[in-house]
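# Structural description and commentary
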Amino acid sequence: MFPGIPMLNYDVVVIGGGPAGMAAAARAKELGLNVLLLDENDYLGGILPQCIHPGFGLHYFREELTGPEFAARLAKRLVELGVEYRTAARVMEIRNYSDLEKVVIFTSPSGAYQAWAKAVIYAAGARERHAFEIGIVGDRVAGVYTAGEAQTLMDIYGVLPGKEIVIVGSGDVGLIMARRFALEGAKVKAVIELMPYPGGLARNVMILRDFDIPLYLSHKVVEVRGKGRVERVKVVKVDENLNEIPGSEFWIEADALIISAGLVPSVKKLTAIGVEIDPSTGGPVVNDRLETSVPGVFAAGNALLINDLVDYVAEQGELAAEGAKEFIENGGIESRKWIRVEKGENVRLLAPHRLSGERDVYLYLRVARPMEDVELRIPEVGKRVKLSLATPAEMLRVKLKAEEIRDAEKLTVEVVRE
Amino acid sequence: MKTKVAIIGAGISGASIARVLSRYENLEVHLIEKAPDVGWGVSKANTALIHGGYDDDPERYPMRAKLCIRGNRLWHQWVKELEIPHIWNGALIVATKDDDFDELEKLLERGRKNGVPEMRLVDREELFHLEPNLTPEAIGALWVPIVGQIGPIPAVIAITENAVANGVKTHLETEVTGIKVENGEVKGVETNNGFIEADIVINAAGLYADRIARMAGIDYFEIHPRKGEYWLFDEGLPGPRRVLFPTPTPISKGIVVTTEVSGHLMIGPNAQDLPPEEKEDLSTTREGLEEVWEGAKKLWPQLPPRSKVIRTFAGLRPEPTGGDFIIKAEEEVGGFINVAGIRSPGLTSAPAIAHEVAGIIERDLGVKLVEKEKWNPYRKEISHLFMMSPEGVNEAVKRNPSYGKVVCRCNNVSEGDVLEAIERMKFIGVKTPSVDSVKFRTKATTGTCQGSFCRPKIVMLLAREYGVEPWKVTLKGRGSEIGVGDVKALLRGDA
C-alpha cells in the first residue's frame with residue numbers, strides 16, 4: 001500500500017510506551033501474540049520517569065514505588081518477555097483497511113515504516129490543558145508552564161523553572177509539583193483552585209500543610225503580566241456558580257506560573273479513523289474489552305479516560321491485550337446485544353460504556369461533586385456499594401460480576417446519599 | 001566605492017528593502033535590528049493577509065492605495081521565489097443589510113481606480129456557493145479573488161535569508177542610539193554595538209520610526225500603537241474557505257474570520273488605540289478578546305467552544321500622523337529615507353515599498369544603481385517533516401537520522417527540522433538562542449498542546465547547539481530565560 005517504505009507484520013501494534021502500553025504489550029506477548037510497541041520518547045515509561053515521587057504500584061505490584069521504579073519494572077518485564085519495541089518512533093497515521101487489517105505508519109531515526117496488524121492498542125496518554133485554554137490573558141512571557149512541562153524540565157533535564165511559584169489547580173499533579181518546588185528551595189506562594197474543594201487525593205492535599213503552602217479555594221488566575229518573564233499574576237475570587245466576584249481581584253508576585261488544570265486524552269489519531277468519543281471522558285467509547293467503536297482498535301490508560309492511579313492504567317493495558325487476543329483468535333469480537341452503561345445522579349464520567357455481561361468487569365467512574373457516606377447504586381440490578389467518601393479527585397473502581405449484570409439491558413450508575 | 005546603506009529595522013519592510021537593494025553591485029547593505037531575530041516587531045502579530053488593494057482611498061492615502069495592489073502582485077512572485085508558506089483563497093466582504101451594498105459599491109469603484117479589475121459583487125446564491133457556512137444573515141458580498149494569506153514571520157525570515165545570501169550584513173540585538181548627521185548629510189548610525197557608517201540611512205523602525213526620525217532631527221510625525229487582539233483555534237475545526245470581512249465602517253475594516261495558512265480558524269482583530277509611549281504593550285485583554293468574539297460571531301455564528309482555543313495574542317500596528325505611509329527621502333537630512341507608519345496594509349505592500357525605496361535612492365538621492373551580474377532570487381524553505389511523504393522521510397534520514405525523530409507531536413516537527421532552523425538562525429546572525437526563533441521557522445510549539453511536550457526538547461537542542469546552559473536558553477530573547485538555574489541552584493544558594 002505504501003511502496004518504498006519497509007513493511008512490518010504483527011498481530012498487535014501498541015501505540016504508547018507508558019504504563020498502559022507497556023502492560024498491554026507484555027500481556028499480549030504472554031498471550032502468545034506477535035506484538036510491536038512504539039513510543040515517541042527516547043525512553044520507555046511515558047510520563048513515569050519524571051514522576052520521581054512515591055505512591056505508585058500499591059495495587060499492581062503490591063508495594064509502593066516511585067514513577068521511575070514502576071516504569072523500570074514494566075520495562076524489565078518487556079525485556080524478559082522479548083517484546084519488540086521501538087523508541088523515538090512516532091506514529092504519523094493509523095489506517096483501518098478492514099476489521100483485521102490495520103496499518104500504523106510511523107517514523108523513527110531509521111526511517112518511516114508501515115506496520116500491519118490485526119489489532120491496535122492505543123495507549124497514547126493525555127495532554128495537559130494550558131494557559132490559553134483556561135482563558136488566562138495578559139503578557140506572553142517565559143515562566144508559564146504546564147505542570148508536566150515543569151516536571152520534565154526539572155526531573156528529566158535538571159532545569160529549575162522559577163523560584164517564586166504560583167500553581168493553578170489543586171489536583172494531584174499540581175500538589176505534587178508544589179511539593180517538588182518547595183523541596184528545591186523555591187517559594188510556593190499559592191495554589192489557586194477554582195472549585196470550593198481541593199482537586200487532589202487526600203494524601204496529596206496534606207502536602208500543603210506539610211510545606212505551609214496557601215491554598216485559595218474558589219479562586220482563579222485570570223491574567224499574567226511581565227516583561228520577559230512572569231512578574232505577577234492576577235487572582236480573582238469566584239462564587240458558587242464559578243462567576244467572578246467583582247472587586248475581589250488581587251495580585252501575587254511570582255516568577256513562574258504553573259498550570260495544572262487537568263488532562264485531556266490524546267485521541268486525534270483515533271478520531272481520524274472515526275472512533276466514537278465520549279464527550280464526558282474525552283476518550284473513546286469502549287466495551288468491556290476496551291474495544292472502541294472501530295473493531296480491533298482498543299484503548300487503555302489516560303487515552304481512554306483520565307486515571308488517578310497508574311495501577312488502573314496498567315490494568316487497563318492488560319485488559320486491552322486480552323481483548324486483542326480474543327479479537328484476533330475469533331476473527332473479531334462477536335457483535336452482541338451490549339448492555340449500555342449510563343451515567344446517573346452525581347456521576348460525571350464512566351467507562352466502559354457497553355458490557356457483554358459475559359465476564360466480570362471493572363467499572364471506572366468519577367463523581368460530579370464530593371459527598372460523604374454515599375452509596376453507588378445500579379437500580380436495574382439492585383447493586384449497592386457503600387462508600388464513606390466519594391470525591392471527583394478519586395476515580396471509583398467497582399467490580400461487576402458477570403452473573404449480576406448478565407440479564408440487564410441497561411445499567412444506570414448513580415452515587416447518592418444512603 | 002560602494003554606497004553604504006543602513007536599514008533600521010528587520011521587519012517585513014526593512015527586510016524587503018534589504019532584499020531589493022541586495023540586487024545592486026554598488027550598494028553595501030547593513031540591516032540593523034534591536035531584537036534577537038528578524039520579524040519580531042509589528043510583523044509578528046497581524047492578520048497575515050495579502051490584501052486586495054481595493055479599500056485604500058487614493059485621495060487620502062495615495063501611498064497605501066498605490067503600494068498595496070503593487071505589493072499584492074509582487075507577492076505572487078516572491079512567495080514562489082522564496083518558498084514562503086501562502087494560500088491564495090480570496091476574500092469576501094460580506095453584506096448583511098441592504099445599506100451595506102452602498103459601501104461595497106464604493107469599494108468596487110475604488111478598487112477599479114486602484115488597479116484591481118479582478119473583483120465583483122456576488123449575490124446571495126453565489127456567496128453561499130463560495131462560502132457555505134457563512135452566517136445566514138448574509139445577503140451578498142464583494143468577492144476579491146486575489147486576496148491571500150502568508151506566514152508573516154516566515155516571510156521576513158525567508159526574505160532576510162535571501163538578502164544575506166546576496167551579501168546583506170545583519171546586525172541583530174543592535175539598538176540604534178543616534179543618527180550621525182554632518183552638514184545636513186547622514187554619516188551613519190550609532191548603536192549599542194558601535195558606530196555603523198552609512199551614506200544612506202533607511203528608517204524602517206516600525207513603532208519606533210518616530211523616535212528614529214527625531215534622532216535625525218525630523219519630527220513632523222508621530223507613531224502611536226493600535227492594538228489588535230486575536231483568537232486562534234485548534235486545527236481540524238471548521239473554518240471558512242475564504243477570508244471573511246464584514247462590510248467596513250468608517251473606523252475599521254472590521255473583524256476578520258479566516259482559516260490561516262496553517263489551517264487554524266483565526267478571528268480578529270479589534271482596534272484599540274494606545275498612547276504613543278506604550279509601544280511594548282502586547283498584552284491581551286478580556287475586553288478586547290470579547291469584542292473580537294462578538295464581532296466574529298456576526299460572520300461565523302458557529303464559533304467553536306472556548307475549550308478549543310489554543311492561543312490568544314495581540315499585535316500592534318504603527319499608526320502615523322495623517323494615516324498614510326510615510327515613504328520619502330527627507331530633504332533637510334541628505335541620505336535619510338523614512339519608511340514610517342507602515343500600518344495595514346503594510347505586509348501586503350512590503351515588496352512594493354522596497355522597490356519604491358530603490359526608486360527613491362536612484363531618483364532622489366542620485367545613486368545610479370548597478371545590477372549585479374549574478375543575483376540569486378531564490379531561497380529554499382527548510383525541511384518540514386510534516387510535508388514529507390513516508391518515502392521522503394526515508395530519503396531524509398539517510399542524510400541525517402534526526403529527520404525521522406519527532407520533536408513536536410502536534411505539528412510533526414522533527415529534530416532535523418529544528419537543527420536546520422538553528423543553522424538558519426546562525427546564518428542570519430541570531431546570537432541568543434530562543435524557542436521563538438525555532439517556533440517561527442518550524443511551527444514547533446504552535447499546536448494543540450502549545451509546546452508543553454516539545455518546548456523542553458527544543459530548549460535542550462538550542463542549549464547544545466549554542467553551547468549554553470539549558471536554563472539560559474530564552475523564550476524570546478534576553479530577559480525571558482526558560483529557568484533560573486539547575487535544579488539545585490536554590491539549595492546551593494546561587495540563584
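Okay, so let's go over this structure. If you're wondering where the values come from, they're calculated on a predicted model, not measured in any experiment.

The next subject is the overall build of chain A. Scanning chain A from terminus to terminus reveals eight helices and 31 strands. By the compact-globule yardstick of 22 Å for 418 residues, chain A fits well, its C-alpha radius of gyration being 22 Å. With the principal axes as the frame, chain A shows a C-alpha extent of 65 × 55 × 40 Å. Counting only residues that meet the buried cut, chain A has 61% of its 418 residues in that class. Nonlocal contacts in chain A, meaning residues at least 24 apart in sequence, comprise 62% of its contacts between residues at least 6 apart. Accessible area of chain A: about 15900 Å², with a carbon and sulfur share of 49%. Put simply, chain A has 51 plus and 59 minus side-chain charges, and the middle of one group is 1 Å from the middle of the other.

This part covers the packing of helix 1 (residues 12-21) of chain B against helix 2 (residues 62-82) of chain B. Residue and element names in this part refer to chain B. Between helix 1 and helix 2, whose axes approach to 14 Å, the crossing angle comes to 75 degrees. The angle between helix 1 and helix 2 falls in the class roughly perpendicular. In this structure, helix 1 uses Ile12, Ser16, Arg19 and Val20 to contact helix 2, whose residues at the interface are Trp75, Trp78, Glu81 and Leu82. Taken together, the residues of the contact of helix 1 with helix 2 break down into five nonpolar, one polar and two charged.

Our focus in this paragraph is the interface of chain A and chain B. Each side of the interface is counted separately: chain A has 57 residues, and chain B has 56 residues. Our enumeration of links across chain A and chain B arrives at nine salt bridges. Here A:Asp42 makes a salt bridge to B:Lys405, at a shortest N to O gap of 2.8 Å. The element best represented in the side of chain A that touches chain B is helix 3 (residues 147-155) of chain A, accounting for four residues. Its residues assigned to classes, the side of chain A that touches chain B shows 24 nonpolar, 15 polar and 18 charged. Pairing analysis gives two bridges linking strand 14 (residues 159-160) of chain A to strand 24 (residues 485-486) of chain B, with the strands arranged antiparallel. From the neighbouring strand, A:Val159 faces strand 24 of chain B, where its bridge partner is B:Asp486.

This part takes up helix 1 (residues 19-30) of chain A. Residue and element names in this part refer to chain A. End to end, helix 1 covers 16 Å across 12 residues, agreeing with the expected 16 Å (1.5 Å per residue, within 8%). Of all 12 residues in helix 1, nine are buried, a share of seventy percent or more. Close packing links the buried residues of helix 1 with strand 2 (12-15), strand 3 (35-38), helix 2 (67-81), strand 10 (119-122) and helix 7 (310-329). Positioned one or two residues after helix 1, Gly32 has a phi angle of 90 degrees, which is positive.

Before going further, it helps to spend a moment on the pattern of salt bridges. Per the counting criterion, the structure on display carries 71 salt bridges over all chains. With a closest N to O distance of 2.9 Å, B:Arg343 and B:Glu319 form a salt bridge. Taken together, the positions of B:Arg343 in the loop between strand 21 (336-340) and helix 8 (346-363) and B:Glu319 in strand 19 (residues 309-320) put the pair 24 residues apart, joining distant regions of the chain. Residue classification places B:Arg343 among the buried positions, given a relative accessible area of 12%. A salt bridge links B:Asp364 to B:Arg363, with the nearest nitrogen and oxygen atoms 3.3 Å apart. Take B:Asp364: its relative accessible area is 44%, and that puts it in the partly exposed class. Linked through salt bridges whose partners overlap, the residues forming this network are A:Arg27, A:Glu30, A:Arg77, A:Glu318, A:Glu322 and A:Arg359.

What follows is about the environment of B:Asp234. Residue placement: B:Asp234 occurs in strand 14 (residues 223-235). Along the backbone, B:Asp234 and B:Gly263 are 29 residues apart, and their C-alpha atoms lie at a distance of 8.9 Å. Residues within four places of B:Asp234 in sequence aside, it is in contact with A:Lys268, B:His264, B:Lys308, B:Ile310 and B:Thr448. Here the side chain of B:Asp234 touches A:Lys268 through a polar contact of 3.3 Å, side chain to side chain.

The subject of this paragraph is the side chain of A:Asp172. All names here are of chain A. If you trace the backbone, Asp172 turns up in helix 4 (residues 172-183). Buried charge Asp172 goes without a salt bridge, the closest partner of opposite sign being Arg366 at 6.5 Å. Looking at Asp172, its side chain comes within polar contact range of the side chain of Asn204, at 2.9 Å.

For the rest of this paragraph, the subject is the packing of helix 10 (residues 415-427) of chain B against helix 11 (residues 435-442) of chain B. Residues and elements named next belong to chain B. At a minimum axis distance of 9 Å, the contact between helix 10 and helix 11 shows a crossing angle of 110 degrees. As far as their axial angle goes, helix 11 and helix 10 are roughly perpendicular. Crossing geometry of helix 10 relative to helix 11 is assigned as right-handed. Only Ser437, Val438, Arg441 and Thr442 of helix 11 make contact with helix 10, whose side of the interface consists of Asp417, Val418, Ala421, Ile422, Arg424 and Met425.

Residues and elements named next belong to chain A. Here four strands make up an open sheet; going across it, the order is 12-18-19-20 and the pairing mixed. The open sheet has two edge strands, strand 12 (137-138) and strand 20 (250-253), and neither has a second partner. Pairing analysis gives six bridges linking strand 18 (residues 219-225) to strand 19 (residues 232-237), with the strands arranged antiparallel. When the bridges of strand 19 are listed, Val221 appears paired with Val235.

Think of a pair of aromatic rings as described by two things: how far the centres are apart, and how the planes are tilted against each other in angle. Applying the stated criterion across every chain, the model contains 14 aromatic pairs over all chains. Seen in terms of ring centroids, A:Tyr60 and A:Phe61 are 5.0 Å apart; in terms of plane orientation they differ by 90 degrees. Their pairing is edge-to-face. When the centroid spacing of 5.2 Å and the interplanar angle of 70 degrees are considered together, the rings of B:Tyr220 and B:Phe221 count as edge-to-face. Accessibility expressed as a relative area gives 38% for B:Tyr220, which makes it partly exposed.

It is worth spelling out the pairing of strand 13 (residues 200-203) of chain B at this point. For a regular strand, side chains alternate in direction, first toward one face of the sheet and then toward the other. Residue and element names in this part refer to chain B. Burial of strand 13 is two-sided: the residues Ile200 and Ile202 facing one way and the residues Val201 and Asn203 facing the other way are all buried. For strand 1 (residues 3-8) and strand 13, the ladder comprises four bridges, and the chain directions are parallel. Considered in strand 13, the bridge of Ile7 is made with Ile202. Pairing between strand 13 and strand 21: three bridges, direction parallel. When the sheet's bridge partners are listed, Asn203 is paired in strand 21 with Asn338.

Our next topic: the sheet that holds strand 16 (residues 187-192) of chain A. For sheets, the rule is that strands pair by backbone hydrogen bonds, running either parallel or antiparallel. Residues and elements named next belong to chain A. Here we have five strands laid out as an open sheet, ordered 13-21-15-16-17, and parallel in their pairing. The strands lining the two open edges of the sheet, one partner per strand, are strand 13 (144-146) and strand 17 (215-216). Across two bridges, strand 16 lies against strand 17 in parallel orientation. Counterpart to Ile192 in the pairing with strand 17 is Tyr216. Packed onto the sheet, helix 3 meets strand 13 and strand 21 (256-259) and runs at close to 95 degrees relative to strand 13.

Criteria and cut-off values
- Residues numbered from 1 in each chain as written.
- Chains lettered and ligands numbered in written order.
- Predicted model: local features only at pLDDT ≥ 70, side-chain atom pairs only at ≥ 80, totals over all residues.
- Heavy atoms only, no water.
- Helix = DSSP H or I, 4+ residues; strand = E, 2+ residues; numbered from the N terminus.
- Rg over C-alpha atoms; globule rule 2.2 N^0.38 Å.
- Buried < 20%, exposed > 50% of the residue type's maximum accessible area, 1.4 Å probe, protein only.
- Contact = heavy atoms within 4.5 Å.
- Areas by Shrake-Rupley, 256 points an atom, 1.4 Å probe, with all protein chains shown as cover.
- Lys, Arg positive; Asp, Glu negative; His and termini not counted.
- Charge placed at Lys NZ, Arg CZ, Asp CG, Glu CD.
- Axes fitted to C-alpha atoms, helices over the stretch in contact; angles between N-to-C directions.
- Parallel < 35°, antiparallel > 145°, perpendicular 65-115°, else oblique.
- Nonpolar A, V, L, I, M, F, W, Y, C, P; charged D, E, K, R; others polar.
- Salt bridge = Lys/Arg side-chain N within 4 Å of Asp/Glu carboxyl O.
- Pairing = 2+ DSSP bridges.
- Expected span 1.5 Å × (residues − 1).
- Polar contact = N/O pair within 3.5 Å; in protein donor to acceptor, adjacent residues only side chain to side chain.
- Left-handed = near helix turned anticlockwise from the far one by under 90°.
- Phe/Tyr/Trp six-rings, centres within 6.5 Å; stacked < 30°, edge-to-face > 60°.

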